[in-house]
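Take a look at the letters that make up each chain.
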Amino acid sequence: MTVAETISAQGDYTDNVYSGKQDHRAQVCTILEQENAIPRHLIDAEVNWFYDVLGLDDMYFMLESPTAVARHITSLYGAQLSSAGQDNAINVTFQNRHESGAVFIHNSVPGMSKTEGPHFEQMIDADYLDISVPQKAYRVESYRSRGKVSKSLDASLRTYFVNACDFVNAAPEGDAVHDISQVSDRTFLAKATPHVLDLYSGVIAKVLCRTGPVIVSDKLPSGAHRLVIGYRQRSTQGFFAALSDLYHYYSMYSSRKYVEQFSNGVTVISLNASPVLSATVPQASIEECVSQIKKEASLLYCIPNTPFQTLFKTGELSVQEAVYANAGWIFAQHFLNRLGSEYATLAEILDPTDATDIEVLSKLKKRLRQETFTRELVLDILLRHHELVKDLYAHFAHVHYVSSDSSSAVNRVADRLKADLHVSLSMTRMQDQMPLTSEELQLKIARVTSNANDAMVMRALLDFNEHILKTNFYQPTKVALSFRMDPGFLPAVEYPAKPYGVFLVIGNEFRGFHVRFQDVARGGIRIVRSRNAEAFSINQRTLFDENYSLASTQHRKNKDIPEGGSKGTILLNLDAQDRPFVAFEKYVDSILDLLLTGETPGIKNKLVDRLGRNEILFFGPDEGTAGYMDWASQHARKRGAPFWKAFTTGKSQSLGGIPHDTYGMTTRSVHQYVVGIMRKLDLDESACTKFQTGGPDGDLGSNEIKISHDRTTAIVDGSGVLYDPQGIDRAELSRLAEARLMVQHFDTAKLSPQGFRVLVDDFQVTLPDGTLVQDGLAFRNTFHTNRLAAADFFVPCGGRPESIDINNVGMLFDEDGSTRFKYVVEGANLFFTQDARLRLEKAGVHLFKDASANKGGVTSSSLEVLAALSLTDDEFGRLMCKQPDGSLPTFYQEYVADVQAAIESNAAREFECLWNESKASGNKPKCVLSDDLSVAIVDLRKNLESTNLWDNVPLRRLIMREALPARLLQEVGLDTILQRVPLNYLKAIFGAYLASHFVYEYGTSPSQFAFFEFMSRFYAKADSSSA
């Protein structure tokens, strides 16, 4: 979170004084006389003007050689000659980069951002500030000359001096981390006044204990206002240049500004700002402008640059309008209804269980989404209709903006400064009239736009507005933008199962979603990376669909547990592939903004809440976030979330987590299906061959290797392909699994003559059969469709979603029509599309899909949440957390054993149900039955919520005793659990137990008396226990 404060007025940095300036001047004169580019009788006047009248800071003369200064004076003289008597403005641009920094100079009109020519501040951001870390950091001093470039041009010279930092202590530890005399650059320490050291020290202390920027301000004796902004290095990009655009928007300019780096990972920006219109603007108005800049600096920290930046620089859009337009642009990219009524009609006509029909729909859907609205087209439409964007922003702001200022003060400032300072809507709330209503906007969009595409894009922003239930857009402090959406905007033809809630999160490094299918829901948060621009374009286009599908799969998978399904995705921007944790931090913190009630005015205010009820989300680990769960839990605790213990699963054992990989939780479920197939078909595991994606370095992959006794012939992981038709050496494979190492570490001496290993970085590799592999990466990516991958069992334990779809499933068949795999147990989420599964099952493959097989982890995480909700903080630390001596409490070990038993029991019951249902239905596809089973359980659980079964106290207590882990009941007691655990969570446990047990026993199409018969047994037990 961010802090915005006011500090007392004190001095600034000590002035730069160059004692050798006169000698420097003399050398410049000598050089100019030798070059003879300026008439000799004018040299003294030009040099004196440059040194004394122009008002450059002495640092310029300290750092620039006499030769460089002579060149600059000559260039200025020539520019003035060429512009004499013409309207051409003098354009000054100098840059000198050196090994340890750079000097940049350009002419600058006070209060105006540059829209043409070199953008030096953006260069400084990209080349020096954005990449600064304690190991290599750069500080900046920037000054505006006091004089003008020439009589004909109302512009000063802006100089930037960039230098590599020389820290007193480059790697501080312990108390030194907070000691400014230890973590500072030596030049800064020499120049900073005692007050600046105290000020920066306070800012740094707050940055180190918070997420996001700390913003303070004061008024200097000179009359200028100083803004000081601290933040963690590499937590934002392009911020230095964006701040200039911000104060220029309010017709202010900066005489000097500094960027200081510290070896504890903190950046501090300080700038002195003064109004261009100081003679005509009242002092109170200037104070209001500074206050507004402080507020909007927090918004710019979140999104420093957007494609609408030029409109912001020229004053056509305010910072809020530009950031809003960017959010609307992202929303439109994902949610424009691009398929149309024709697609809906076709979807109704075609058979959803026919693989050929599904293939037609799938291809049509992908083509329509790729070709109708590109990111570039949507952006072009918004830029052309930026006046409509302003109307749509006003519509959004009217609902969600809450002013903390008195209305009279706001109106007074708006009246005085509206014309000159472009006061934006966030300051004035509403100016002269109410914004347009939704109906009026619909009419205006139809009237203003010239074609259907333009109108559709602008209506998408209106849809965005109408479905935002709450947002942190106007929070004084934030690190990314978050929007809680009503999912009603999702077209049913594309998303037939309506989610319960959708979150959209937008940060400087990423965009992300969170989708859940019921109130009490849990699922992992996934980082999505992109190798190149093409991959990013594909990932961006499919991000929400992937998120929706993963959450939907999770919902079906969660049928045995109280939580419904959810999933979060974080797509890293192409230039932020190396900052996944920064993106994760901002994603979590901005969602917490919407889950917690703001109670600190000026830091976290109360939001406009159109949802009207509290929400709790439960996060878990997924691709790329396994190591972040501890931080998220502790951050929720720091922010005062009462649910912090249960906020994340997959935590370290020191925080009460139950690691899935350590105890093989996911594999225990997947392997029950492998064992079940072998049991039903009387197969000898040691004689069965198996192909596995997801290697010995992963959770599921390593534990599948440890727990199985088959003849594994091929493994694909992140490093490459390992293959041996005789069976990969089990002892060597187990060694890798124990050490969690990729197949690149396999001892190839233990392969048979027909075996091989091809790594992703290999090129031109000849296989034992003579096949030439041109590219190891391409070979790895497609090996699952290679004829060499054939085996009895295929167990995907890793891989991208939709690795096998209707377009490549045919490659899993040999020329005679036989399939390369007899049995498939889908451990990896969404590895197959449903149409591909149907094709394989039609050919006789026994296939069990992910929603059934891969549910051990969710059961473990659910029971981890239950323990966190049932125990006090003290009990949780004593019973569920690894102790200081490294030991695990006895309760923890016994509770884990209960969890493992529950996983194996649930998996075995579902396998039996699916096998029996398939036989009874005449071999109905198990992938369809799996969905039927999930739907039946989820629907029954939902229907049970509307009954009065929960109100039957004896029945309630009986069901809860059977549903809750025995060891937890023994330790805490049923009555205590019923008091501590939230009511909606308890009801979810009750409903999930009854629904899953009924459907597993009676199937998906029970008789009308089946539930009565089922419940009769429980009523009898409840009556006997209460008697």
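Residues numbered from 1 in each chain as written. Predicted model: local features only at pLDDT ≥ 70, side-chain atom pairs only at ≥ 80, totals over all residues. Heavy atoms only, no water.

1. Overview of the overall build of the protein chain
Step number 1: Secondary structure assignment for the protein chain yields 40 helices and 25 strands.
Step number 2: Compactness check: the protein chain gives a C-alpha radius of gyration of 33 Å against a globular reference of 31 Å for 1027 residues, within 12% of the reference.
Step number 3: Its C-alpha atoms give the protein chain principal-axis dimensions of roughly 105 × 70 × 65 Å.
Step number 4: By the burial criterion, 59% of the 1027 residues in the protein chain qualify as buried.
Step number 5: In the protein chain, the proportion of contacts linking residues at least 24 apart, taken out of those at least 6 apart, comes to 71%.
Step number 6: Working note: accessible area of the protein chain is about 40,200 Å², and carbon and sulfur atoms make up 50% of it.
Step number 7: The averaged location of the 125 negative side-chain charges in the protein chain is 2 Å from the averaged location of its 105 positive side-chain charges. (Helix = DSSP H or I, 4+ residues; strand = E, 2+ residues; numbered from the N terminus. Rg over C-alpha atoms; globule rule 2.2 N^0.38 Å. Buried < 20%, exposed > 50% of the residue type's maximum accessible area, 1.4 Å probe, protein only. Contact = heavy atoms within 4.5 Å. Areas by Shrake-Rupley, 256 points an atom, 1.4 Å probe, with all protein chains shown as cover. Lys, Arg positive; Asp, Glu negative; His and termini not counted. Charge placed at Lys NZ, Arg CZ, Asp CG, Glu CD.)

2. Focus on the packing of aromatic side chains
Step number 1: Applying the stated rule across the entire model yields 75 aromatic pairs.
Step number 2: A centroid spacing of 6.1 Å and a plane angle of 45° characterise the contact between Y393 and F396, whose relative ring orientation is tilted. With Y393 and F396 both in helix α16 (residues 386-400) and three residues apart, the pair spans about one turn of that helix.
Step number 3: Between Y1002 and F1014, the aromatic rings sit 6.2 Å apart at their centres with planes inclined by 85°, giving edge-to-face as the arrangement. (Phe/Tyr/Trp six-rings, centres within 6.5 Å; stacked < 30°, edge-to-face > 60°.)

3. Here we look at the packing of helix α26 (residues 665-681) against helix α34 (residues 890-920)
Step number 1: Packing of α26 against α34 brings their axes to within 9 Å, and their N-to-C directions diverge by 40°. Considered as vectors, α26 and α34 are oriented oblique to each other. With respect to the hand of their crossing, α26 and α34 are arranged in right-handed fashion. For the pair α26 and α34, contact is made by M665, R668, S669, Q672, Y673, G676, I677, R679, K680 and L681 and by V896, V899, Q900, I903, E904, A907, A908, E910, F911, E912, L914 and W915, respectively.
Step number 2: The residue inventory of the contact of α26 with α34, partitioned by class, reads twelve nonpolar, four polar and six charged. (Axes fitted to C-alpha atoms, helices over the stretch in contact; angles between N-to-C directions. Parallel < 35°, antiparallel > 145°, perpendicular 65-115°, else oblique. Left-handed = near helix turned anticlockwise from the far one by under 90°. Nonpolar A, V, L, I, M, F, W, Y, C, P; charged D, E, K, R; others polar.)

4. Notes on the pairing of strand β19 (residues 720-723)
Step number 1: Note: strand β18 (residues 711-717) against β19, four bridges, orientation antiparallel. In the strand pairing of β19, D717 is matched with G720.
Step number 2: Between the end of β18 and the start of β19, which pair antiparallel, lie two residues.
Step number 3: Sheet topology places β19 next to strand β20 (residues 756-759); four bridges connect them, and they run antiparallel. Across the sheet, V721 pairs through a bridge with V758, a residue of β20. (Pairing = 2+ DSSP bridges.)

5. So, the pattern of salt bridges
Step number 1: Taken as a whole and judged by the stated rule, the model has 60 salt bridges.
Step number 2: Residue E623 is joined to R526 by a salt bridge in which the shortest nitrogen-to-oxygen separation is 3.6 Å. Of this pair, E623 sits in the loop between β16 (618-621) and α23 (629-638) while R526 sits in strand β14 (residues 521-528), and the two are 97 residues apart along the sequence.
Step number 3: Assessed through its relative accessible area of 3%, R526 is described here as buried.
Step number 4: Here E962 and K1021 are joined by a salt bridge, their closest N and O atoms 3.0 Å apart. Taken together, the residues span a long stretch of sequence, with E962 in helix α36 (residues 953-963) and K1021 in helix α40 (residues 1010-1026) at a distance of 59 residues.
Step number 5: Residue class for E962 comes out partly exposed when judged on its relative accessible area of 29%. (Salt bridge = Lys/Arg side-chain N within 4 Å of Asp/Glu carboxyl O.)

6. Focus: the side chain of S235
Step number 1: Position of S235 among the secondary structure elements: in the loop between β7 (225-232) and α9 (239-249).
Step number 2: According to the relative accessible area criterion, S235 is buried, its value standing at 3%.
Step number 3: A distance of 2.8 Å separates the side chain of S235 from the side chain of Y301, its partner in a polar contact.
Step number 4: For S235, the residues in contact, after removing those within four places along its chain, are Y301, E509, V582 and K586. (Polar contact = N/O pair within 3.5 Å; in protein donor to acceptor, adjacent residues only side chain to side chain.)

7. Examining the confidence of the model for the protein chain
Step number 1: A residue-level look at the protein chain finds 91% of positions with pLDDT of 70 or above and a mean pLDDT of 88.
Step number 2: Predicted confidence for residues 1-10 stays below pLDDT 50, and this span has 46 contacts to residues more than four positions away or in other chains.
Step number 3: Within the model, pLDDT remains below 50 along residues 405-432, and this stretch shows 58 contacts once partners closer than five positions in the same chain are excluded. (pLDDT = per-residue confidence, 0-100.)

8. Considering unusual backbone geometry
Step number 1: Residues other than glycine seldom take positive phi values, yet S251 does so here, at roughly 55°.
Step number 2: As for its placement among the helices and strands, S251 is situated in the loop between α9 and β8 (252-262).
Step number 3: On the accessibility criterion, S251 (14% relative accessible area) is buried.
Step number 4: A positive phi is found at L830, a non-glycine position, where the angle reads about 60°.
Step number 5: As for its position among the elements, L830 is in the loop between β24 (821-825) and α30 (834-842).
Step number 6: Look at L830 and you get buried, because its relative accessible area is 12%.

9. Looking at the side chain of S482
Step number 1: Looking at the secondary structure, you find S482 in strand β11 (residues 481-485).
Step number 2: You can call S482 buried: its relative accessible area is 0%.
Step number 3: In terms of polar contacts, S482 uses its side chain to reach the backbone carbonyl oxygen of S590, at 2.8 Å.
Step number 4: When neighbours within four sequence positions are excluded, S482 is seen to be in contact with K470, T471, N472, L504, V505, S590, I591 and L594.

10. Some thoughts on the state of the cysteines
Step number 1: Following the criterion strictly, the structure yields zero disulfides and no others.
Step number 2: The structure places no disulfide on C209, whose sulfur is separated from the nearest cysteine sulfur, that of C302, by 18 Å.
Step number 3: Assessed through its relative accessible area of 40%, C209 is described here as partly exposed. (Disulfide = S-S within 2.5 Å.)

11. Notes on a negative patch on the surface
Step number 1: Residues E439, E440, D463 and E466 make up a contiguous surface patch of negative charge.
Step number 2: Contributing elements (two or more residues each) for the negative patch: α19 (438-448) and α20 (452-466).
Step number 3: Along the chain, E440 falls in helix α19. (Patch = residues over 30% accessible without salt bridge, like charges linked within 9 Å, V, L, I, M, F, W, Y side chains within 5 Å.)

12. Regarding the nonpolar core
For soluble globular proteins, nonpolar side chains are generally found buried alongside one another.
Step number 1: Grouped together as the largest cluster of nonpolar side chains are 97 residues, with contacts concentrated most on F473 and F483.
Step number 2: Considering every element that reaches this core, the biggest residue donor is helix α12 (residues 319-335), with eleven residues.
Step number 3: Contact partners of F473, with chain neighbours within four places excluded, come to L299, Q320, V323, Y324, Y393, F396, K478, L481 and F483.
Step number 4: Residues Y823, F848, F876 and V981 belong to the second largest nonpolar core, which totals 78 residues. (Core = buried A, V, L, I, M, F, W, Y, C linked by side-chain atoms within 4.5 Å.)

13. Focus on helix α39 (residues 983-1002)
Step number 1: For α39, which comprises 20 residues, the first-to-last C-alpha distance of 29 Å matches the rise-based estimate of 28 Å (1.5 Å per residue) to within 8%.
Step number 2: Of all 20 residues in α39, 15 are buried; the element is thus mostly enclosed.
Step number 3: Positive phi appears at G1003, one or two residues downstream of α39, with a value of about 85°. (Expected span 1.5 Å × (residues − 1).)

14. Regarding the sheet that holds strand β25 (residues 846-848)
Step number 1: Read from one edge of the open sheet, seven strands run β20-β19-β18-β17-β23-β24-β25, paired in mixed fashion. Strands with a single pairing partner mark the edges of an open sheet, and in this sheet they are β20 and β25. Each neighbouring strand pair of the sheet contributes to a mean axis angle of 15°, computed without reference to strand direction.

15. A few points about the packing of α12 against α20
Step number 1: Where α12 contacts α20, the two axes come as close as 9 Å, and the packing angle between them is 100°. Relative to α20, the element α12 lies roughly perpendicular. Residue-level inspection shows Y324, A327, G328, F331 and A332 of α12 in contact with α20, the latter providing A460, L461, D463, F464 and N465.
Step number 2: Here the contact of α12 with α20 is built from residues that sort into seven nonpolar, two polar and one charged.

16. Side note on the sheet that holds β14
Step number 1: The sheet built from seven strands is open, its strands ordered β10-β11-β12-β13-β15-β14-β16 with mixed pairing. Sheet topology places β10 (468-471) and β16 at the edges, where each strand pairs with a single neighbour. Strand-to-strand twist in this sheet, taken as the mean axis angle between neighbours without regard to direction, amounts to 20°.
Step number 2: Bridge count for strand β12 (residues 501-506) against strand β13 (residues 510-516) is six bridges, and the pairing is antiparallel. By the bridge assignment for β13, F503 is matched with H514.
Step number 3: On the sheet, α16 packs against β10 and β11 and is oriented at approximately 70° with respect to β10.
Step number 4: Its contacts with the sheet put helix α21 (residues 533-557) on β12, β13, β14 and β15 (564-572), and the angle it makes with β15 is roughly 165°.

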